[in-house]
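# Structure at a glance
One letter stands for each residue in the lines below.
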Amino acid sequence: GENVEQHPSTLSVQEGDSAVIKCTYSDSASNYFPWYKQELGKRPQLIIDIRSNVGEKKDQRIAVTLNKTAKHFSLHITETQPEDSAVYFCAAGTTDSWGKFQFGAGTQVVVTP
Amino acid sequence: GAGVSQSPSNKVTEKGKDVELRCDPISGHTALYWYRQSLGQGLEFLIYFQGNSAPDKSGLPSDRFSAERTGGSVSTLTIQRTQQEDSAVYLCASSYGLAGGRSYEQYFGPGTRLTVT
């Protein structure tokens, strides 16, 4: 089955700096890679996703890149703000499995003013 | 519209007792998932329902765990003979699944915090 590793487990950044979270996956059949954000005491919510037919996707200050050959993908947050403080989870799966993903262990991001 | 709801929000039980956790998915979502999140840990997949198909139980940690989904909507996760290591937040999520075309987004409920004493 799929195995997803996520690094780092914690990330502290100064407000305004960039944050990068990296994930690797094991199953070459995986073709869908979502990222979820979980604020303290709240439920996880999808913030961005990417499919294997593209190498990069951007939405305002958030971008995701995918390297299928190396089986890794990354989340980039630019111009970080205090409200970006949260736990971020990457996931990988196949669209054939209709939403059954393997999640990474999560990255605790702390943005300090 | 209404999101995914779960009940109870908190449950404290004694070791050895059985517990039932309930999940109400978003109307129209055919796929339903249960996850377990231990303190400071990731999302551990437990079980997945898709429409009327047999559920994918590959993530259930032991035979003390079971789940059912009645009428393709509400789901109940049952833990029998609870152990202290079962203490965690149990999250339910739903998605359009096979009915969703290109949407795979999972919508999570608020979770049930289970404490086994």
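Provided above is the structure to which this section pertains.
Residues numbered from 1 in each chain as written. Chains lettered and ligands numbered in written order. Predicted model: local features only at pLDDT ≥ 70, side-chain atom pairs only at ≥ 80, totals over all residues. Heavy atoms only, no water.

### A look at the nonpolar core
In this structure, Ile21, Tyr25, Phe33, Trp35, Phe73, Leu75 and Tyr88 of chain A are the most contacted members of the largest nonpolar core, which totals 23 residues. Residue assignment for this core shows that the elements contributing at least two residues are strand E2 (10-14), strand E3 (19-25), strand E4 (32-38), strand E5 (45-51), strand E7 (62-67), strand E8 (72-77), strand E9 (86-92) and strand E11 (107-112) of chain A. When sequence neighbours within four positions are dropped, the list of residues in contact with Leu75 of chain A reads Ala19, Val20, Ile21, Trp35, Ile47, Ile48, Ile62, Ala63 and Tyr88 of chain A. Among the nonpolar cores identified, the runner-up in size contains 20 residues, and Ile47, Leu60, Leu77 and Tyr90 of chain B belong to it. (Core = buried A, V, L, I, M, F, W, Y, C linked by side-chain atoms within 4.5 Å. Buried < 20%, exposed > 50% of the residue type's maximum accessible area, 1.4 Å probe, protein only. Helix = DSSP H or I, 4+ residues; strand = E, 2+ residues; numbered from the N terminus. Contact = heavy atoms within 4.5 Å.)

### A few points about the sheet that holds strand E3 (residues 19-24) of chain B
Residue and element names in this part refer to chain B. Here 4 strands make up an open sheet; going across it, the order is E1-E3-E7-E6 and the pairing antiparallel. In this open sheet, the two edge strands, each paired with only one partner strand, are strand E1 (5-7) and strand E6 (65-69). The average undirected angle you get between the axes of adjacent strands in this sheet is 15°. Two strands pair when backbone bridges link them, and E3 and strand E7 (residues 75-79) are joined in this way by 5 bridges, in the antiparallel orientation. Considered in E7, the bridge of Glu20 is made with Thr78. (Pairing = 2+ DSSP bridges. Axes fitted to C-alpha atoms, helices over the stretch in contact; angles between N-to-C directions.)

### A short note on the sheet that holds strand E6 (residues 56-59) of chain A
Remark on secondary structure: sheet strands pair via backbone hydrogen bonds, oriented parallel or antiparallel. Residues and elements named next belong to chain A. Read across the open sheet, the 5 strands follow the order E1-E3-E8-E7-E6; overall the sheet is antiparallel. Among the strands making up the open sheet, the edge pair consists of strand E1 (4-7) and E6. Sheet twist, expressed as the average angle between the axes of neighbouring strands with direction ignored, equals 15°. Across 4 bridges, E6 lies against E7 in antiparallel orientation. Pairing of Asp59 across the sheet is with Ile62, part of E7.

### Details of the environment of Gly55 of chain A
Within the fold, Gly55 of chain A resides in the loop between E5 and E6. Sequence separation of Gly55 of chain A and Lys68 of chain A is 13 residues, and the distance between their C-alpha atoms is 8.3 Å.

### Points about the interface of chain B and chain A
Across the boundary between the two partners, chain B contributes 24 residues, which contact 17 residues of chain A. Together, the buried faces of chain B and chain A total about 1800 Å²; carbon and sulfur atoms form 56% of this surface. Looking at the side of chain B facing chain A, the largest losses of area belong to Leu43, Tyr104 and Phe108 of chain B, adding up to 37% of the total buried there. For the pair chain B and chain A, the number of links is 0 salt bridges. (Buried area = accessible area lost by both parts, 1.4 Å probe. Salt bridge = Lys/Arg side-chain N within 4 Å of Asp/Glu carboxyl O.)

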